[in-house]
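What follows is each chain in one-letter form.
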Amino acid sequence: MSSEPATIEGSRPMTPPLPPAGSPTSPESLKPPANRHRERSPSPMRGYLIPSPLPTRRNRTYSATARASEGPSFKGVCKCFSRSKGHGFITPSDGGNDIFVHISDIEGEYVPVEGDELSYKICSIPPKMEKVQAVDVTITHLKPGTKHETWGGHIISD
């Protein structure tokens, strides 16, 4: 190996930029600032890692759908659901971590709202298959005293 700086054919040698005259040249002065990460605003969904692209009914493989439909049915309560974002979370009745639900996996005529009782089946989320999402989600009991919206946009109040 030679001690000459690396070059790209037809260009100048690649050397680090020199500090301005009169400034210290210690190794510490050449290090980038320690705090280079950007501060992020607090988000209530920060702990939930949602895969990209989302595994929806349209792009889920047939075998994954078949395995999910053959599996057991679970019960839970809608923690949150955003129609505009197209997803939400279910809190299982038996405890455990919240489960992701995509808008394409909801059956029935109503948009789920916080507090609705749901039944669902689960399917693994690729690529690592470590987390699960709810599929075949149906609302079993609407939360009394709340307004519910149909997928067509009509508002129904109890």
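Keep in mind that this is a model prediction, so the values were computed, not measured.

Q: Now, about the pairing of strand β3 (residues 99–102): what can you tell me, with residues and values included?
A: Neither face of β3 is left uncovered, since the one carrying Ile99 and Val101 and the one carrying Phe100 and His102 both have all their residues buried. Pairing analysis gives four bridges linking strand β2 (residues 87–92) to β3, with the strands arranged antiparallel. By the bridge assignment for β3, His87 is matched with His102. The antiparallel hairpin formed by β2 and β3 contains six residues in its connecting segment, where Gly95 sits at a positive phi of about 90°. Inspection of the sheet shows β3 paired to strand β5 (residues 132–141) by two bridges, in the parallel sense. Bridging from a neighbouring strand, Phe100 pairs with Gln133 of β5.

Q: Outline the nonpolar core, listing residues and values.
A: Proteins that are soluble and globular tend to have nonpolar side chains buried together. Counting eleven residues, the largest nonpolar core consists of Cys78, Phe81, Ile90, Ile99, Val101, Ile106, Val111, Leu118, Tyr120, Ala134 and Val137. At the level of secondary structure, the elements contributing two or more residues to this core comprise β1 (74–82), β3, β4 (117–124) and β5. Once you skip the residues sitting within four places of it in the chain, Val111 turns out to touch Phe81, Arg83, Asp116, Ile139, His148, Glu149, Thr150 and Trp151.

Q: Can you tell me about the packing of aromatic side chains, naming the residues and giving the values?
A: Per the stated rule, a full pass over the model turns up two aromatic pairs. Between the aromatic rings of Phe89 and Phe100, the centroid separation amounts to 6.0 Å while the plane-to-plane angle is 70°, which identifies the pairing as edge-to-face. Of this pair, Phe89 sits in strand β2 while Phe100 is found in strand β3, placing the two residues eleven residues apart along the sequence. Overall, Phe89 belongs to the buried group, its relative accessible area being 3%.

Q: So what's going on with the environment of Thr140? Which residues, and what values?
A: Position of Thr140 among the secondary structure elements: in strand β5. Counting along the chain gives 24 residues from Thr140 to Asp116, while the straight-line C-alpha distance between them is 7.7 Å.

Q: Tell me about unusual backbone geometry, and please be specific about residues and values.
A: In the Ramachandran plot, Asp136 falls in the positive-phi region, its phi being about 50° despite a non-glycine side chain. By relative accessible area, Asp136 is classed as partly exposed at 32%.

Q: Residue-level account of the sheet that holds β1, with values.
A: In space, the five strands of this closed barrel follow the order β1-β2-β3-β5-β4, with mixed pairing throughout. Across the sheet, the mean angle from the axis of one strand to that of its neighbour is 50°, orientation sign disregarded. Direction of pairing for β1 relative to β4: antiparallel, over a ladder of four bridges. Looking across to β4, one finds that Gly76 is bridged to Leu118.

Reading the values: the criteria
- Residues numbered from 1 in each chain as written.
- Predicted model: local features only at pLDDT ≥ 70, side-chain atom pairs only at ≥ 80, totals over all residues.
- Heavy atoms only, no water.
- Buried < 20%, exposed > 50% of the residue type's maximum accessible area, 1.4 Å probe, protein only.
- Helix = DSSP H or I, 4+ residues; strand = E, 2+ residues; numbered from the N terminus.
- Pairing = 2+ DSSP bridges.
- Core = buried A, V, L, I, M, F, W, Y, C linked by side-chain atoms within 4.5 Å.
- Contact = heavy atoms within 4.5 Å.
- Phe/Tyr/Trp six-rings, centres within 6.5 Å; stacked < 30°, edge-to-face > 60°.
- Axes fitted to C-alpha atoms, helices over the stretch in contact; angles between N-to-C directions.

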